[in-house]
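Take a look at the letters that make up each chain.
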Amino acid sequence: MSSLREILNQNVREGELYESIERNRLRCYACGHCCPIAEGHAGVCKVRFNQGGKLYVPWGYVGGVQCDPIEKKPFFHAYPGALAYSFGMLGCDLHCSYCQNWVTSQALRDPHAFSVPLQASPELLVRDAIRQGAKVLVSTYNEPLITAEWAVEIFKEAKAAGLKTAFVSNGNGTPQVLEYIRPWIDFYKVDLKSFDDQHYRQLGGRIGPILDTIRWLHENGVWLEIVTLLIRGFNDGDDELKKLAEFLASVSTDIPWHVTAFHSDYKMAETPDTRAEDLQRAAQIGKTAGLQFVYAGNLPGRVGELEDTFCRRCRSRLIHRYGYFIEEYRVTANGCCPDCGERVPGRWAEKFEGQIADRPFIPGRETNFISLT
Ligand code: SF4
């Protein structure tokens, strides 16, 4: 029986985000590591490798699919209520010890992580997304930048079929990969994990490329929302949160910032869960920094009005949420407050069509994915 690595190495295609350097080595630009890769070796992510001086990248499979309410990604200002057909791949360029998707993200790094890849084509994924009633197709669960070529191939098909597209990403990008995906992407969520470069180095990255990605996405008109998973003792200090929020506000006070609750996971099983008061404190820091749309997530019903969207001018409530469920929706067809006419930053449907689901589900048996193992 083939190993997972052998299977993944057979499901590849030559990538586009690289250049040759000396002695049959090459440099990959799909993420901020910009790995120089010698012949016969893989990059930090373990899924892109140099064979014969060419870069080979994942192709023709997914690590899994799931239908999520778009609020779960989370996007609160992009087509509220839409179903987000979500696919993940395998591998990651970081190795966060608290990863909540570690079974797929660390599949080639951690022997305890194993996930069955499923054969897939852009046509199959888009057809299934439409059959489920999805409005958005999302590359998520692991880091989408490291499989950017495959995501773009799928997104081309999705956009031709009238779907919106999105990345849920750690934001460790490069100008090359961002230019590459720009024509094919509508929404982008960046997981801004900390505002301390030393913390990022513990996770296997650097903060610089992530901040550059946030600036680039905003300047280039990609709808952007930011999430910070609040972890007690790691990234929840007032000073760090203040710097983080002030940075976001310096890019744009329109950017929604979600502070979400950590629950014990993976190698941080001993770390206590985030409390509602921790989220409320972080949210207040965000508002004091000038951010207009700050949300608290993962503790439904326990964070007061921090699940709701308010008009920034007249403070009228526009969207009332409980977890992923939308209880009330009042944004107008042209994306404004119905009471005072103020524009609400985001991407809005002409009308709210309800929700197919307010919790995730796996597509049913009519979806014919074939296991590659
Ligand atoms: S995607 Fe990132 S980690 Fe993977 S090979 Fe390319 S630069 Fe390295």
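Each remark here, short or long, concerns the structure printed above.
The model shown is predicted, which means the values in this text are computed figures rather than measured ones.

Chemist: For this particular structure, what's the right way to read the nonpolar core?
Modeler: In summary, soluble globular proteins display a tendency toward joint burial of nonpolar side chains. Counting 88 residues, the largest nonpolar core has Tyr188, Ile214 and Trp257 as the members making the most contacts within it. Excluding residues that lie within four positions of it along the chain, tyrosine 188 makes contacts with Phe75, Leu145, Phe167, Ser169, Gly171, Leu178, Ile181, Leu217, Val222, Trp223, Leu224 and Glu225.

Chemist: When you look at the sheet that holds strand 8 (residues 64-69) in this model, what are you seeing that I'm missing?
Modeler: Strand pairing in a sheet takes place through backbone hydrogen bonds and is either antiparallel or parallel in direction. Strand order in the open sheet formed by 8 strands is 8-9-11-12-13-14-15-16, and the pairing between neighbours is mixed. Taken across any chain shown, the strands that pair with only one partner, and hence form the sheet edges, are strand 8 and strand 16 (294-297). Averaged over neighbouring strand pairs, the angle between their axes works out to 25° when direction is ignored. When strand 15 (residues 257-261) meets strand 16, the two strands line up parallel, connected through 4 bridges. Looking across to strand 16, one finds that threonine 260 is bridged to glycine 297.

Chemist: Teacher, can you tell me more about the packing of helix 8 (residues 238-251) against helix 9 (residues 276-288) here?
Modeler: The angle between the axes and the distance between the axes are what describe a pair of packed helices. For the pair helix 8 and helix 9, interaxial distance at closest approach is 9 Å and the crossing angle is 40°. It follows from the interaxial angle that helix 8 and helix 9 lie oblique. Crossing hand, helix 8 versus helix 9: right-handed. Residues Asp238, Leu241, Lys242 and Ala245 of helix 8 form the contact with helix 9, whose own contacting residues are Arg281, Ala282, Ile285 and Gly286.

Chemist: Looking at this structure, I do not really get the packing of helix 3 (residues 122-132) against helix 4 (residues 148-160). What am I missing?
Modeler: Remark: helix 3 packs on helix 4, axes separated minimally by 9 Å, with the N-to-C direction vectors making an angle of 50°. What the angle tells us is that helix 3 and helix 4 run oblique. For the pair helix 3 and helix 4, the sense of crossing is right-handed. Contacts from Pro122, Glu123, Leu125 and Val126 of helix 3 reach helix 4 at Trp150, Glu153, Ile154, Glu157 and Ala158. Its residues assigned to classes, the contact of helix 3 with helix 4 shows 6 nonpolar, no polar and 3 charged.

Chemist: Help me understand the pairing of strand 13 (residues 187-191) in this model?
Modeler: Consecutive residues of a regular strand have side chains that alternate between opposite faces of the sheet. Summarising burial for strand 13: 5 of the 5 residues are buried, a large majority. Of the two faces of strand 13, the one lined by Phe187, Lys189 and Asp191 and the one lined by Tyr188 and Val190 are each fully buried. Note: strand 12 (residues 164-169) against strand 13, 4 bridges, orientation parallel. Bridging from a neighbouring strand, alanine 166 pairs with phenylalanine 187 of strand 13. With helix 5 (residues 175-181) bridging strand 12 and its parallel neighbour strand 13, the resulting β-α-β unit is right-handed. Across 5 bridges, strand 13 lies against strand 14 (residues 223-230) in parallel orientation. Residue pairing in the sheet places valine 190 in a bridge with isoleucine 226 of strand 14.

Chemist: Would you take a moment to explain the site of the ligand for this structure?
Modeler: In the vicinity of the ligand, the residues found are Cys28, Ala30, Cys31, His33, Cys34, Cys35, Ile37, Gly43, Val44, Cys45, Arg48 and Ile146. For the ligand, the cavity whose grid points lie within 2 Å of the majority of its atoms is the largest cavity.

Chemist: Looking at this model, I keep getting lost on the pairing of strand 15. Mind explaining?
Modeler: Counted residue by residue, strand 15 has 5 buried out of 5 residues, so it is predominantly covered. On strand 15, burial covers both faces: Trp257, Val259 and Ala261 on one face and His258 and Thr260 on the other are all buried. Handedness of the crossover is the feature at issue here: the chain leaves strand 14, passes through helix 8, returns alongside strand 15, and the resulting connection is right-handed.

Chemist: I keep staring at empty space enclosed by the protein and nothing clicks. Help me out?
Modeler: Enumeration over the complete set of coordinates arrives at 2 cavities of 30 Å³ or more. Computed from the structure, the largest cavity encloses a volume of approximately 80 Å³. Lining the largest cavity we find Cys28, Ala30, Cys31, His33, Cys34, Cys35, Ile37, Gly43, Val44, Cys45, Arg48 and Ile146. A per-class count over the lining of the largest cavity returns 9 nonpolar, 2 polar and 1 charged. The calculated volume of the second largest cavity comes to roughly 40 Å³. Lining the second largest cavity are Arg5, Leu8, Asn9, Val12, Lys46, Val47, Pro58, Tyr61 and Leu108. For the lining of the second largest cavity, the element with the highest residue contribution is helix 1 (residues 4-10), accounting for 3 residues. The class makeup of the residues in the lining of the second largest cavity is 6 nonpolar, 1 polar and 2 charged.

Thresholds, definitions, all that
Residues numbered from 1 in each chain as written. Predicted model: local features only at pLDDT ≥ 70, side-chain atom pairs only at ≥ 80, totals over all residues. Heavy atoms only, no water. Core = buried A, V, L, I, M, F, W, Y, C linked by side-chain atoms within 4.5 Å. Buried < 20%, exposed > 50% of the residue type's maximum accessible area, 1.4 Å probe, protein only. Contact = heavy atoms within 4.5 Å. Pairing = 2+ DSSP bridges. Helix = DSSP H or I, 4+ residues; strand = E, 2+ residues; numbered from the N terminus. Axes fitted to C-alpha atoms, helices over the stretch in contact; angles between N-to-C directions. Parallel < 35°, antiparallel > 145°, perpendicular 65-115°, else oblique. Left-handed = near helix turned anticlockwise from the far one by under 90°. Nonpolar A, V, L, I, M, F, W, Y, C, P; charged D, E, K, R; others polar. Right-handed = clockwise from strand over helix to strand, strands pointing away. Near = heavy atom within 4 Å. 1 Å grid on protein atoms, 1.4 Å probe; cavity = no way out; pocket = protein on both sides within 12 Å on 5 of 7 lines; lining within 4 Å. Sits in = over half its atoms within 2 Å of the grid points. Points joined across faces, edges and corners; volume = space filled by probe spheres on them.

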